[in-house]
Structures are given as C-alpha cells and as structure tokens.
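Geometric and topological summary
If you want the building blocks of each chain, they are given just below.
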Amino acid sequence: IIINIVNTRERLFVFVSIFLLASFKISLSLALTWAARGFSFTKWGLMGPAGFFENSGELAIQMLVFWPLAWAFAHAVKPSVGKLWYLILMLMPITAIMVILGASSRGAQVALVCQLVVMNYRFIFRPKVLIAIAVSFFLIWTFLPDQQKERFESIGQDRTSKQRVVYFLNGVEMIKEHPVLGVGFFNFAPYFERNYPEDVLFKKAQLPHNIFIQVGTDAGIVGLIIFLSLIYIAYSKAKKFQSPCGKERINLIGLCSNLSLLGFVIAGQFVTVAYYPFLWIHLALVVSLNNILSQDQRERKKKQVRRVGTPAMTGHGDRDVGLISGMSSSSSSSYRDR
C-alpha cells in the first residue's frame, strides 16, 4: 500500500512528516519523563505506548530507526526554514537519542555507538569531527545512569546474558537439525523447553532474542536467505542514493536510511523483532524513494532528448521531410550519413 501510494515527492514529504511527527511525539514525552526523574535508572527503562513500542527494548529500536531520518530531514529543510525552526527540528534526533539512553537496553546503546561511528568514519580525523564525537560520547557516558554502566560491566556474566548466549547456540543447532523449513513459526520456545530443558535458566523459555535465529528457526535456511536478501537489497538500493547526482535535498533521507537499517540489525541481535514494523516500513520507504528518484531520472532524460531534437526540427523540419520523401533508398542512406 505504501509503495503504491507514496509515488511522488509531495507524497513522500507527507509520509515522512507523519512518520517523524508520530515518532517525535513518543520521543519528546519520554525524554521529558526521563529528565523529570533526574535521568535515573529503572529496571523497566522507558515504556512506550501499548503495542509494538511498550517494551523498552523495542521502543529503543524505533528511536534507532527514527533519529537518523529525523537528522536528515532537519538538514534537508534547513535552507528553507529559519534558525528557530531548524533548532526545533533538531529536537527530534536529540530526544530520540535521550530515549535510547534512558531505555536501559544495552543492545540499543551499542547500536547507537555503531551508528555514530559509521556516520562519521569518513571524517573521523578532522579536528571538528573528533571534537564533536568526543563531546557526544562524553555526554552519552555522563547521562548514562551508574546502574546501566554496571550492566555493561557484567555482560557475559549475568544470567540474562548467559541465557541469550545459550539461545543463540542452541538456535544454531535447531537450524542445523531442521535446515529447510525450521521448527515452525513461533515454535522456538516450546521446542527449546522440550529439547534443551537443562539450558532453561529462567522459569520458562523465551523467544530467541536474535532476529536471524528467530527467522532461521521459524522458517529454516529458506526463510533466512529471503530475510537476508531483503536486508541486502535495502542496503544496496539506499547506497545508490549516495551517487553524485543525488546531492539534492530529497536524497538526504536515502543517505541516512542505511544508518537506520544498521541500528535495526545490530539491536536485532539482542531482541526478537523480525516481524515488527521496523524493517518492513523501512523497506517500503526505500522502495518508494528509489521509484521516485528513478522516475525523475527518466523524466530528465526525456527532456534532454526533446531539447536535442527541437532545434533541428524547428529550423529545417519542413525541408528535411521534403528531402527524405523524395529520396531513393541509396540517397536517403547518404543523407543520413551526411
């Protein structure tokens, strides 16, 4: 539906604006909530509205997808708005990053660091960029609650980490044992309890907490190949937006869409969100943007062809038609060569 409706620049602008405003409503309110409690740590982190974003881990992934697009949008419209409006628009990525820090999701915070590094790796040795990155990491570490810092120090030793490692290792074994179609849709937990009871460290088995293990156990290598292909196609399509002809403002959204994809994939190694809207809305956005830019390219080529053909037809059109109509086949070939 999105791909077929969002097929012009104007509709893309409306679609992206709705996506950003809806996400900003969540990020702003939760950033204020976190600030009101003194940027303190809680086990539940920050909770979004009921549904896909209620859990702090999934909420943080939405912010990982949201902030690069919000940053791109703010910079895309910067030449057309005043300084005040630009600062207001920059609140979108800032509040999104605040929510990631306050959500207490280690996977999302690791993904955020990777996004910032990839975003600036080409300019990493420029003094301004180095200073900006250093300040960003200092602020991130400063605002990170002490309890959350302790959670990073205990990675690999706490029961949650150990359980997820076991999920991953046994999930790989499940895929090996059932390579074609997996163990069945959402059948990971009951299969795990039945075949690996000694590895259930909590009261009962949970979902695998890894998007690739989730798809591989649900649908086997067949489903996993399709899933990986979709991610690769989205990445490769968006990478083409970085071509020299794509320096116009609409292209900034495409330039940063791979940062959103990177955040989803990295954070997806710690949560079970393969069927959540994150990837699928992202795919629709990339395809719509690709279709719009391809259509623009075709229209530019048509205009160029018309411009090349118009002068010749305007000055000598009648004479050319008369000459061609009175020629034999040999003389017409000579005329075309000339």
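Refer to the preceding data block for the structure.
Just so it is clear, the structure is predicted and the values come from calculations on it, not from any experiment. (Residues numbered from 1 in each chain as written. Predicted model: local features only at pLDDT ≥ 70, side-chain atom pairs only at ≥ 80, totals over all residues. Heavy atoms only, no water.)

Here we look at the overall build of the protein
For clarity, the threshold we go by: Segments assigned H or I by DSSP are reported as helices when at least four residues long, segments assigned E as strands when at least two residues long, and all are numbered from the N terminus. Each residue is placed in one exposure class: buried if its accessible area under a 1.4 Å probe, protein chains only, is under 20% of its type's maximum, exposed if it is over 50%, and partly exposed if it falls in between. We call two residues contacting when some pair of their heavy atoms lies within 4.5 Å.
A tally of helices and strands in the protein yields 13 helices and zero strands. Secondary structure elements in the protein, listed N-terminal to C-terminal, are α-α-α-α-α-α-α-α-α-α-α-α-α. For the protein, the proportion of its 338 residues judged to be buried stands at 42%. The contacts of the protein with a sequence gap of at least 6 include a subset with a gap of at least 24, amounting to 73%.

Points about empty space enclosed by the protein
Note the cut-off: Residues are called lining when one of their atoms sits within 4 Å of a cavity or pocket point, these points coming from a 1 Å grid over the protein atoms alone, where a cavity is a set in which a 1.4 Å probe fits but cannot get out and a pocket is an open set with protein on both sides within 12 Å along at least five of seven lines. Grid points are joined across faces, edges and corners, and a volume is the space filled by probe spheres set on the points. When residues are sorted by character, Ala, Val, Leu, Ile, Met, Phe, Trp, Tyr, Cys and Pro go into the nonpolar class, Asp, Glu, Lys and Arg into the charged class, and all the rest, Gly among them, into the polar class.
Counted by the stated rule, this structure contains one cavity of 30 Å³ or more. Its volume calculated, the largest cavity comes out at about 70 Å³. Contributing to the lining of the largest cavity are Phe15, Val16, Phe19, Val65, Leu69, Phe278, Ile281, His282 and Leu285. For the lining of the largest cavity, the secondary structure elements donating two or more residues are helix H2 (9–36), helix H3 (56–77) and helix H12 (277–325). Looking at the lining of the largest cavity element by element, the count peaks at four residues for H12. For the lining of the largest cavity, a count of residues per class yields eight nonpolar, one polar and no charged.

Observations regarding H3
In plain terms, the rule: Expected helix span is taken as 1.5 Å per residue step, with the number of steps being one fewer than the number of residues. The term bend refers to the angle at a residue between two fitted axes, each drawn through seven residues, those ending there and those starting there. What qualifies as a polar contact is a pair of N or O atoms within 3.5 Å, subject to a donor-acceptor requirement within protein and to the restriction that residues adjacent in sequence count only when both atoms come from side chains.
Look at H3: 31 Å from first C-alpha to last across 22 residues, which is about the 32 Å you get at 1.5 Å a residue. Of all the bends found along H3, the most pronounced is centred on Phe66 and spans about 25°, while Pro68, a proline, follows it within four residues. Here H3 starts with a cap whose side-chain oxygen sits 2.7 Å from the backbone nitrogen of Gly57, and that cap is Asn55.

Regarding the pattern of salt bridges
Definition in use: For this document, the term salt bridge refers to a Lys or Arg side-chain nitrogen within 4 Å of an Asp or Glu carboxyl oxygen.
Within the structure shown, the criterion is met by two salt bridges. For Asp296, the salt bridge is made with Arg9, and the minimal N-O distance between the two is 2.7 Å. A residue pair is termed long-range when its members are at least 10 positions apart, and Asp296 in helix H12 and Arg9 in helix H2 qualify at 287 residues. Using a relative accessible area of 31% as the deciding quantity, one classes Arg9 as partly exposed. Here Lys176 ties to Glu173 by a salt bridge, and the two come within 3.8 Å at their closest N and O atoms. Of this pair, Lys176 and Glu173 both sit in helix H8 (residues 159–177), three residues apart, which is roughly one turn of the helix. Owing to a relative accessible area of 34%, Glu173 belongs among the partly exposed residues under this scheme.

A few points about helix H5 (residues 106–120)
Between its first and last C-alpha, H5 extends 22 Å over 15 residues, near the 21 Å set by a 1.5 Å rise per residue. All buried positions along H5 are accounted for by Arg106, Gly107, Ala108, Gln109, Ala111, Leu112, Gln115, Leu116 and Asn120.

Considering the environment of Trp280
Counting through the fold element by element, Trp280 comes out in helix H12. The sequence separation of Trp280 and Leu230 amounts to 50 residues, and the corresponding C-alpha distance is 9.6 Å. Residues contacting Trp280, with those up to four places away along its chain left out, are Phe227, Leu230, Ala274 and Tyr275. At a separation of 3.0 Å, a polar atom in the side chain of Trp280 contacts the main-chain carbonyl oxygen of Ala274.

Side note on the packing of aromatic side chains
To be explicit about the condition: Pairs were defined over the aromatic rings of Phe, Tyr and Trp, the Trp ring being its six-membered one, requiring ring centres within 6.5 Å. Orientation was assigned from the angle between planes: stacked under 30 degrees, edge-to-face over 60, tilted for the rest. A ring is scored as having a charge over it whenever the NZ atom of a lysine or the CZ atom of an arginine sits within 6 Å of its centre and within 35 degrees of its normal.
Scanning all chains against the criterion turns up 15 aromatic pairs. Consider the rings of Trp34 and Phe39, whose centres lie 4.9 Å apart with planes at 90°: the pair is edge-to-face. A relative accessible area of 0% means that Trp34 is categorised as buried. The interplanar angle of 80° and the centroid separation of 5.7 Å between the aromatic rings of Tyr167 and Phe188 together place this pair among those described as edge-to-face. Separated by 21 residues along the polypeptide, Tyr167 in helix H8 and Phe188 in helix H9 (residues 188–195) bring together distant segments of the chain. Residue Phe188 is classed as buried on the basis of its relative accessible area of 1%. Among the aromatic residues, those joined into a ring-pair cluster are Phe52, Phe53, Phe264, Tyr276 and Phe278. One cation-aromatic arrangement involves Lys78 over Tyr86; the distance from NZ or CZ to the ring centre is 4.7 Å.

Some thoughts on a positive patch on the surface
The line we're drawing: Every patch collects residues that have over 30% relative accessible area and no salt bridge, joining them within 9 Å if they carry like charges and within 5 Å if they are nonpolar side chains (Val, Leu, Ile, Met, Phe, Trp, Tyr). Here the accessible surface of atoms and residues is derived via Shrake-Rupley with a 1.4 Å probe, and residues count as covered only by protein chains that are part of the display. Only four residue types enter the charge count, namely Lys and Arg as positive and Asp and Glu as negative; His and the chain termini do not. Where a charge lies is defined by one atom per residue type: Lys uses NZ, Arg uses CZ, Asp uses CG and Glu uses CD.
Positive charge collects at one region of the surface, where Arg298, Lys302, Lys303, Arg306 and Arg307 lie side by side. On the accessibility criterion, Lys303 (46% relative accessible area) is partly exposed.

Description of the side chain of Ser260
Mapped onto the secondary structure, Ser260 falls in helix H11 (residues 251–267). Setting aside chain neighbours within four positions, we find Ser260 in contact with Leu64, Val65, Pro68, Leu69, Gln115 and His282.

Without other data, these values stay purely geometric and don't point to any function.
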